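Topology and contacts: notes
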Amino acid sequence: MEYQIISAVGETVTEVCNKLEERVKFCLKNGWLPQGGISFTKYSATGLCFACQAMIKESKEEKN
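With that out of the way, let us pick up the nonpolar core. Core analysis: the largest hydrophobic core is formed by ten residues, namely Ile6, Ala8, Val16, Leu20, Val24, Cys27, Trp32, Cys49, Ala51 and Met55. Residue assignment for this core shows that the elements contributing at least two residues are strand 1 (2-10), helix 1 (13-29) and strand 3 (49-57). Per element, the largest residue contribution to this core is four residues, and it comes from helix 1. When sequence neighbours within four positions are dropped, the list of residues in contact with Val16 reads Ala8, Val9, Gly10, Phe40, Cys49, Phe50 and Ala51.

All right, on to the sheet that holds strand 3 then. Taking strand neighbours across the sheet as the criterion, the three strands line up as 1-3-2 in an open arrangement whose pairing is antiparallel. A strand with exactly one partner marks an edge of an open sheet, and here the two such strands are strand 1 and strand 2 (33-42). Neighbouring strand axes in the sheet, compared pairwise and without regard to direction, differ in orientation by 15° on average. Across nine bridges, strand 1 lies against strand 3 in antiparallel orientation. The residue bridging Ala8 from the neighbouring strand is Ala51, located in strand 3.

Basis of the calculations
- Residues numbered from 1 in each chain as written.
- Predicted model: local features only at pLDDT ≥ 70, side-chain atom pairs only at ≥ 80, totals over all residues.
- Heavy atoms only, no water.
- Core = buried A, V, L, I, M, F, W, Y, C linked by side-chain atoms within 4.5 Å.
- Buried < 20%, exposed > 50% of the residue type's maximum accessible area, 1.4 Å probe, protein only.
- Helix = DSSP H or I, 4+ residues; strand = E, 2+ residues; numbered from the N terminus.
- Contact = heavy atoms within 4.5 Å.
- Pairing = 2+ DSSP bridges.
- Axes fitted to C-alpha atoms, helices over the stretch in contact; angles between N-to-C directions.

In structure tokens:
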């Protein structure tokens, strides 16, 4: 099984969610599946928002 974490950074919650959603959709089209929910934080020092999503992909051997 393969595992990756995808992320997005932006200045607003909406911007970050839109970026992450597009990245998740791209991964879904390439055989990846979300693992659990998203993680989200807003840094008080900079005001930047950060979100990430764990993704998994079964290997060809696991599918058989």
